Amino acid sequence: QVQLVESGGGLVQPGGSLRLSCAASGSIFGILPMSWYRQDPGKQRELVAAITSLGSTNYADSVKGRFTISRDNAKNTVYLQMNSLKPEDTAVYYCKMVRGKYDYWGQGTQVTISS
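Given the structure is predicted, the values throughout are model-derived calculations rather than measurements.

Q: Sorry, what's going on with the packing of aromatic side chains here?
A: Working definition: an aromatic ring pair is given by the centre-to-centre distance plus the angle between the planes. Overall, the coordinates contain two aromatic pairs when judged by the stated rule. Between Y94 and W105, the aromatic rings sit 6.5 Å apart at their centres with planes inclined by 85°, giving edge-to-face as the arrangement. One end of the pair, Y94, is in strand β9 (residues 91–99); the other, W105, is in strand β10 (residues 102–105), and 11 residues separate them in sequence. An aromatic cluster is present here, built from Y37, Y94 and W105 joined pairwise through their rings. The ring of Y94 carries the charged tip of R45 above its face, separated from the ring centre by 3.8 Å. Directly above the aromatic system of W105 lies the positively charged group of R45, at a separation of 4.6 Å from the ring centroid.

Dropping the structure here:
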């Protein structure tokens, strides 16, 4: 019913930048809340950033001032601009959309920060 596809991951040096994209399609009724999570093997999945249907944003303390979440409603796409990247930002990044009672997840995109 809802499909989310992330893109933009890759390998970047510490201090570098990367922009992730998440395109949503399917049975989407209006503008829905979306968010970015990240997870490394053996760790809990953690919320990185969220954006409401009206554009309000929220960030994890670890990324405040470095990451920016935004959305293009016409394209049903959410973005995560990541600047001043650190090795601890290395993880698989997942996009999530909430529609009614359900959470919808993308397949994830790998982000690796290494020199």
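Q: What is the right way to look at the state of the cysteines in this model?
A: Where two cysteines share a covalent bond between their sulfur atoms, that bond is called a disulfide. Under the definition given, this model contains one disulfide. Here C22 connects covalently by a disulfide to C95, the sulfurs 2.1 Å from one another. As the torsion about the S-S bond is roughly -85°, the C22-C95 disulfide counts as left-handed. In this pair, C22 is assigned in strand β3 (residues 18–26) and C95 in strand β9, connecting sequence segments 73 residues apart. C22 gets classed as buried once you look at its relative accessible area, which sits at 0%. Judged by its relative accessible area of 0%, C95 falls in the buried class.

Q: Got a minute to help me understand the sheet that holds strand β7 (residues 67–72) in this structure?
A: Within a sheet, adjacent strands bond to each other through the backbone by hydrogen bonds, running parallel or antiparallel. Read from one edge of the open sheet, four strands run β1-β3-β8-β7, paired in antiparallel fashion. Edge positions in the open sheet fall to β1 (2–7) and β7, since each of these has one partner strand only. Along the sheet, successive strands turn relative to each other by an average axial angle of 15°, direction set aside. Inspection of the sheet shows β1 paired to β3 by six bridges, in the antiparallel sense. Note on β3: the bridge partner recorded for V5 is A23.

Cut-off values and rules
- Residues numbered from 1 in each chain as written.
- Predicted model: local features only at pLDDT ≥ 70, side-chain atom pairs only at ≥ 80, totals over all residues.
- Heavy atoms only, no water.
- Phe/Tyr/Trp six-rings, centres within 6.5 Å; stacked < 30°, edge-to-face > 60°.
- Helix = DSSP H or I, 4+ residues; strand = E, 2+ residues; numbered from the N terminus.
- Lys NZ or Arg CZ within 6 Å of the ring centre and 35° of its normal.
- Disulfide = S-S within 2.5 Å.
- Buried < 20%, exposed > 50% of the residue type's maximum accessible area, 1.4 Å probe, protein only.
- Pairing = 2+ DSSP bridges.
- Axes fitted to C-alpha atoms, helices over the stretch in contact; angles between N-to-C directions.

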